[in-house]
Amino acid sequence: MKTEKLAMILAGGRGTRLHELTSKAAKPAVYYGGKYRIIDFPLSNCANSNVTIVGVLTQYESILLGSYVSRASIWGLDGRDRGTFVLSPRETDHGFFKYAGTADAIYQNIDFMDQYNPEYVVILSGDHIYKMDYDEMLDFHKANHADVTIAGLTVSMEEASRFGIMNTREDNQIYEFEEKPAHPKNNQASMGIYIFSYPVLRKALIEDHADEKSENDFGKNVIPKLLNEGKRVFAYPFKGYWKDVGTIDSLWQANMDLLLEDNPLGLGNDDWKIYTEDFPETPQFIGEHADINKSLINQGCCIDGEIKRSVLFGDVVVEEGARVIDSVIMPGVTVKSGAVINKCIVAEGLTVHGDKVLGDGKEVKLIAKQEEC
């Protein structure tokens, strides 16, 4: 089978900085935005960009994520010659090997890619919030006769040392790539989104696997080696909203961004829809005592208390006399009368009792255990 393009989504990360939110689920399965999971964004981007064959590489706590991703119909990726495919480490004649790095994860699935014999492979991270047309990026890749194209965005110089930094010429060709440099030369950061011409990728992965000194990482090993070999590597400038939700603070902020009058992500724009599993079609109930201001309330919620600048997922109950301020409340939470929640993320299914005051309104606090409520 021959196809023009396919995508591989790296979704095996543990997400330790999200603490208990990822104790039983991989980071891409974490909830976001009132009804979504983080993995919905790269999958929806693929669907909207006509990338119809998508491999999702899982590893840490993969059961929930794998069962979710396998329901390809959510993103319209079910059908003949299309689909979402869960790709976990597997045992071979040579033994069982966990994914050792980003490049190794893709290397271990060369057989999957070979089935489709693609001209181009789009490599994505499964844990970022953004909208992007990968077809436009592919057009850029083709126009520059590139071997590799890396999506990049401008970050502050203070943040630059957290990213892979691309040093480019005026035509966007990259001449140097520095992975998390202590003293960055500029602030053009890699988003961890790559388009490879497949023959280049396949050869690079095989060579990287054979190098015993390699850490098997795209940013640290594969990209610098290709640059040293004189390959044509280009930076694709991305101008839209992008958020790495790798910490409790960044996850909270990404949710709060949705409440801005000029929502930078544009989730209400059906021209580029983000698809997700629908909650049961249960109406909201807004009681006579409810006081709601600048908040996002999903279906199935029953609200009779005060909600200020907050994001509530489905089936949340806030009783009369309860207050929720600057917070993210995940599915199935009950907030009893008298409780106060201020600048918190409250994990799924918890009950906050009426004598509890959670959060101080200054720092984001994660509430993830019933004994904290």
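Predicted, not measured: the structure shown is a model, and the values here were computed from it. (Residues numbered from 1 in each chain as written. Predicted model: local features only at pLDDT ≥ 70, side-chain atom pairs only at ≥ 80, totals over all residues. Heavy atoms only, no water.)

**As for the packing of aromatic side chains**
Note the following rule: Here a Phe, Tyr or Trp ring, Trp counted by its six-membered ring, pairs with any other such ring whose centre lies within 6.5 Å, and the pair is stacked when the planes are under 30 degrees apart, edge-to-face when over 60, and tilted otherwise. Strands are runs of DSSP state E lasting at least two residues, helices are runs of H or I lasting at least four, and both sets are numbered from the N terminus onward. Each residue's exposure class comes from its accessible area (1.4 Å probe, protein chains only) as a fraction of the maximum for that residue type: buried when under 20%, exposed when over 50%, partly exposed otherwise. The rule for a charge over a ring is simple: NZ of Lys or CZ of Arg within 6 Å of the ring centre, and within 35 degrees of the ring normal.
If you walk through the whole model with that rule in mind, you get 12 aromatic pairs. Measuring from centroid to centroid gives 5.6 Å for Phe196 and Phe218, while their planes differ by 45°, and the two rings are tilted. Of this pair, Phe196 sits in strand E13 (residues 188-197) while Phe218 is found in helix H7 (residues 218-228), placing the two residues 22 residues apart along the sequence. Given a relative accessible area of 0%, Phe196 falls into the buried group. Cluster of aromatic residues (ring-pair linked, three or more members): Tyr32, Tyr36 and Phe41. Here the guanidinium or amino end of Arg37 rests over the ring plane of Tyr31, the centre of that ring lying 4.3 Å away. Directly above the ring of Tyr68 sits Arg37, whose terminal nitrogen or CZ lies 5.4 Å from the centroid.

**Structural notes on the sheet that holds strand E17 (residues 291-293)**
As a reminder, the rule being used: Strands qualify as paired when DSSP identifies two bridges or more between them.
Read from one edge to the other, the open sheet built from five strands follows the order E17-E20-E23-E26-E29, with strand pairing classed as parallel. Edge strands, defined here as strands with exactly one partner in the open sheet, are E17 and strand E29 (357-358).

**Re the sheet that holds strand E22 (residues 317-318)**
As summarised here, the arrangement of the five strands in space is E16-E19-E22-E25-E28, forming an open sheet in which the pairing is parallel. The two strands at the open ends of the sheet, each matched to only one other strand, are strand E16 (285-286) and strand E28 (351-352). Taken together, the two bridges between E22 and strand E25 (residues 334-335) define a ladder with parallel strand orientation. Note that in E25 the partner of Val318 across the bridge is Val335.

**A few points about the pattern of salt bridges**
Rule in force here: We define a salt bridge as a side-chain nitrogen of Lys or Arg found within 4 Å of a carboxyl oxygen belonging to Asp or Glu.
Applying the stated criterion across every chain yields a total of 18 salt bridges. As a salt-bridge pair, Glu229 and Lys225 come within 2.5 Å of each other at their nearest N and O atoms. In this structure Lys225 comes out as partly exposed when scored by relative accessible area, which is 36%. Between Lys336 and Glu319 there is a salt bridge, and its shortest N-O distance comes to 3.0 Å.

**A look at the environment of Leu138**
For clarity, the threshold we go by: The contact definition used throughout considers only heavy atoms, calling two residues in contact when any of these lie within 4.5 Å.
Note that Leu138 resides in helix H5 (residues 134-143). Given a relative accessible area of 3%, Leu138 falls into the buried group. Leu138 sits 98 residues away from Tyr236 along the chain, and the two C-alpha atoms are 9.5 Å apart. Residues contacting Leu138, with those up to four places away along its chain left out, are Glu4, Lys5, Tyr120 and Ile195.

**Remarks on the pairing of strand E1 (residues 3-10)**
Most of E1 sits out of view: seven of its eight residues are buried. In terms of strand pairing, E1 meets strand E8 (residues 118-125) through seven bridges, oriented parallel. What sits directly across from Met8, in E8, is Ile123. Relative to strand E4 (residues 53-57), E1 runs parallel, the two sharing four bridges. Following the sheet pairing, Leu10 is matched in E4 by Leu57.

**What to know about the environment of Ser23**
The condition is simple: Side-chain atoms alone can form a polar contact between residues adjacent in sequence; in general such a contact is a pair of N or O atoms within 3.5 Å, and within protein one must be able to donate a hydrogen while the other accepts it.
Within the secondary structure, Ser23 sits in the loop between E1 and strand E2 (31-32). Separated by 301 residues in the primary sequence, Ser23 and Val324 place their C-alpha atoms 25 Å from one another. With residues up to four places along the chain from it excluded, the contact list for Ser23 reads Tyr60 and Glu61. Reaching out from Ser23, the side chain makes a polar contact with the backbone oxygen of Glu20 at a distance of 3.0 Å.

**So, the nonpolar core**
We apply this condition: Put simply, a nonpolar core is a bunch of buried Ala, Val, Leu, Ile, Met, Phe, Trp, Tyr and Cys residues held in one set by side-chain atoms that sit within 4.5 Å of each other.
Residues Leu21 and Ile345 are the most contacted members of the largest nonpolar core, which totals 51 residues. The element that contributes the greatest number of residues to this core is helix H8 (residues 248-257), accounting for five residues. Setting aside its immediate chain neighbours within four residues, Ile345 contacts Leu21, Ile248, Leu251, Trp252, Val328, Met330, Val364, Lys365, Leu366 and Ile367. Within the second largest apolar cluster, 43 residues are counted, among which are Ala26, Phe163, Ile193 and Trp242.

**Some remarks on unusual backbone geometry**
For Arg309, which is not a glycine, the phi torsion comes out positive at approximately 45°. Tracing the chain through its elements places Arg309 in the loop between strand E20 (306-308) and strand E21 (311-312). Judged by relative accessible area, which is 36%, Arg309 ranks as partly exposed.

**Quick word on helix H1 (residues 40-48)**
H1 sits mainly inside the fold: seven of its nine residues count as buried. Of all the residues in H1, the buried ones are Asp40, Phe41, Pro42, Leu43, Ser44, Asn45 and Cys46. A positive phi of about 65° marks Asn50, the residue just after H1.

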